[in-house]
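Residue-level listing of the chains:
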Amino acid sequence: MDTVEILNYRKDGTSFVNALQIGPILDDDGALMYYFGSQLDVTAKREMEKQARQLADDELLHRLRNIVNVMNVIVRMTGREENDTAALATKIGERLTALSDVHFNTIRPNTDEGTEFEALARTIVAPYAPGGLVQLNLSGPAVALPAGLISPITLGLHELATNSVKHGALSVAEGRVELRWVVQDREEGRSIAFHWEETNGPPVVVPARQSGSRIIKTLTTSTGGDMAFDWRESGLIVKADFPL
């Protein structure tokens, strides 16, 4: 049976995508008796697929811009730490390698169940801390993430980390990021809630453009979760909740 999609029009003049199927009906001897045909309005399905592709493209372009910006920050901050040219080159190389590794390893995250939240968070966030692990405080119980949460949580933590190293606490040596999480039992089921808080960074200014937060909020909502941004002058606070 062959399927073809065509642009069709209703009586009122509105268009829709029509999926046509046609195939032969044979008798017991294999001789053609007649053709069977059907049609189905797939407009809504194709529109959802288009929106999903657009969201993925937006996220990828946003991430590529972030990579370049974060590289610039890493080079600038490392330059403040080292006076020796050889040591400077080595440290910059190590940090850029760590940054590239985490992007390559998580751009297509492992969707197998059993990925630990702490391991995922540490892998993603640590390369963005120019001062090293001293700038980070991660705390919470051991919890394995279901496959459906790997991508939204990965992209969410990437966004928070890149924003922090460009504009927030990780953009200065004395800045700190605390990420803590808990597992909650509710009537509708278990969930993981995490709290991201930045301190000792520059005064926070609410961004005029929030394309990155829009993307991760959309992904979070698609899982049945929730994410809230509190742009406090003393440091960004983000609270998120994902059903397990």
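Residues numbered from 1 in each chain as written. Predicted model: local features only at pLDDT ≥ 70, side-chain atom pairs only at ≥ 80, totals over all residues. Heavy atoms only, no water.

**Q** Can you walk me through the packing of helix α3 (residues 117-125) against helix α4 (residues 147-167) in this structure?
**A** What describes two packed helices is the angle between their axes and the distance between those same axes. Contact pair α3 / α4: the axes reach a minimum separation of 10 Å and the direction vectors enclose 35°. In the crossing of α3 with α4, the sense of the turn from one axis to the other is right-handed. Together, F117, L120, A121 and I124 of α3 and I153, T154, L157 and H158 of α4 make up the contact between the two elements. Grouping the constituent residues of the contact of α3 with α4 by class yields six nonpolar, two polar and no charged. (Axes fitted to C-alpha atoms, helices over the stretch in contact; angles between N-to-C directions. Helix = DSSP H or I, 4+ residues; strand = E, 2+ residues; numbered from the N terminus. Left-handed = near helix turned anticlockwise from the far one by under 90°. Contact = heavy atoms within 4.5 Å. Nonpolar A, V, L, I, M, F, W, Y, C, P; charged D, E, K, R; others polar.)

**Q** Just checking my understanding: could you explain the nonpolar core for this structure?
**A** If you look at soluble globular proteins, the nonpolar side chains tend to sit buried side by side. Judged by nonpolar contacts, the single largest core of 35 residues is most densely connected at F117, L179, F194 and W196. Sorting the residues of this core by element identifies α3, β5 (136-139), α4, β7 (176-186), β8 (189-199), β9 (226-232) and β10 (235-243) as the ones contributing at least two each. Aside from chain neighbours lying at most four places away, what touches F117 is V143, L145, I153, L179, W181, I192 and F194. (Core = buried A, V, L, I, M, F, W, Y, C linked by side-chain atoms within 4.5 Å. Buried < 20%, exposed > 50% of the residue type's maximum accessible area, 1.4 Å probe, protein only.)

**Q** Would you mind showing me how to read the side chain of S191 here?
**A** Along the chain, S191 falls in strand β8. For S191, a relative accessible area of 3% gives the class buried. At 3.3 Å, the side chain of S191 and the side chain of D241 are in polar contact. Excluding residues that lie within four positions of it along the chain, S191 makes contacts with V182, V183, Q184, R186, D241, F242, P243 and L244. (Polar contact = N/O pair within 3.5 Å; in protein donor to acceptor, adjacent residues only side chain to side chain.)

**Q** Is there a simple way to think about the sheet that holds strand β1 (residues 2-9) in this case?
**A** In spatial order, the strands read β1-β2-β3; together these three strands make up an open sheet with antiparallel pairing. Two strands in the sheet have a free side with no partner beyond their single neighbour: β1 and β3 (32-41). In this sheet, neighbouring strand axes are inclined to one another by 25° on average, regardless of whether the strands run parallel or antiparallel. (Pairing = 2+ DSSP bridges.)

**Q** Would you mind showing me how to read the pairing of β1 here?
**A** The two faces of the sheet receive side chains in turn, since in a regular strand these alternate between them. Note: β1 against strand β2 (residues 15-26), eight bridges, orientation antiparallel. Paired with N8 across the bridge in β2 is F16. From the end of β1 to the start of β2, which pair antiparallel, there are five residues, and G13 there has a positive phi angle of about 95°.

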